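# Geometric and topological summary
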Amino acid sequence: MHQRKVPMRKDIVSGDMFPKKDLIRVVKNKENEVTIDPTGKQNGRGAYVTIDTATAKKAQHEHSLDKAFGMKVDDAFYEELIAYVDHQQARRELFGDNHK
């Protein structure tokens, strides 16, 4: 049986490569709005953050999204990202890696 290629993406905080399903995509659209993209298909410039609360907090501390998108990202969005990452991490621990 043929092994499928696993899509890899770079985490903007650590700079390490991870499978795409282990990351959360954050998108900046043409109107310069920054949002979390749970589907991974929204239009715009994407950046990836690992599903790890410590990494999300480090992204807030280092303003990693500001650098990736070349604009100031609100602190409220970083708080939203940390809450979303915490939720996804809890789901993963509860249900395992098979669920989104």
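Before going into details, it helps to say that this report is about the structure given with it. All values derive from a computational prediction rather than experimental measurement.

Rules used in this analysis
Residues numbered from 1 in each chain as written. Predicted model: local features only at pLDDT ≥ 70, side-chain atom pairs only at ≥ 80, totals over all residues. Heavy atoms only, no water. Helix = DSSP H or I, 4+ residues; strand = E, 2+ residues; numbered from the N terminus. Buried < 20%, exposed > 50% of the residue type's maximum accessible area, 1.4 Å probe, protein only. Polar contact = N/O pair within 3.5 Å; in protein donor to acceptor, adjacent residues only side chain to side chain. Contact = heavy atoms within 4.5 Å. Pairing = 2+ DSSP bridges. Axes fitted to C-alpha atoms, helices over the stretch in contact; angles between N-to-C directions. Parallel < 35°, antiparallel > 145°, perpendicular 65-115°, else oblique. Salt bridge = Lys/Arg side-chain N within 4 Å of Asp/Glu carboxyl O.

With respect to the element layout, D37 can be found in strand β4 (residues 34–37). A relative accessible area of 3% places D37 in the buried class. A polar atom in the side chain of D37 sits 2.8 Å from the side chain of T39. Those residues in contact with D37 that lie beyond four places of it in its chain are R25, V27 and Q42.

Pairing between sheet strands relies on hydrogen bonds along the backbone, with the strands arranged either parallel or antiparallel. Across the sheet, which stays open at both edges, the 3 strands sit in the order β4-β3-β5 with antiparallel pairing between neighbours. The outermost strands of the open sheet, each flanked by one partner alone, are β4 and β5 (45–50). Taken over all neighbouring pairs, the strand axes of this sheet differ in orientation by 30° on average, direction set aside. Here 4 bridges tie strand β3 (residues 23–28) to β4, and the two strands are oriented antiparallel to one another. Along β4, the bridge assignment pairs R25 with D37. Most of the contacts of helix α3 (residues 75–95) go to β4, to which it runs at about 5°, and overall it touches β3, β4 and β5.

With that settled, consider the packing of helix α1 (residues 53–62) against α3. Between α1 and α3, the least distance of the axes is 9 Å, while the angle of their chain directions is 170°. One way to sum up the angle between α1 and α3 is to call them roughly antiparallel. Together, T53, A56, K57, A59 and Q60 of α1 and D75, Y78, E79, I82, V85, D86 and Q89 of α3 make up the contact between the two elements.

For the rest of this paragraph, the subject is the pattern of salt bridges. One pass over the full model with this rule turns up 2 salt bridges. Between D22 and R92 there is a salt bridge, with the nearest N and O atoms lying 2.9 Å from each other. Residue D22 is located in the loop between β2 (17–19) and β3, and its partner R92 is located in helix α3; the two are separated by 70 residues in the primary sequence. Put simply, D37 and R25 hold a salt bridge, and the shortest N to O gap is 2.7 Å.

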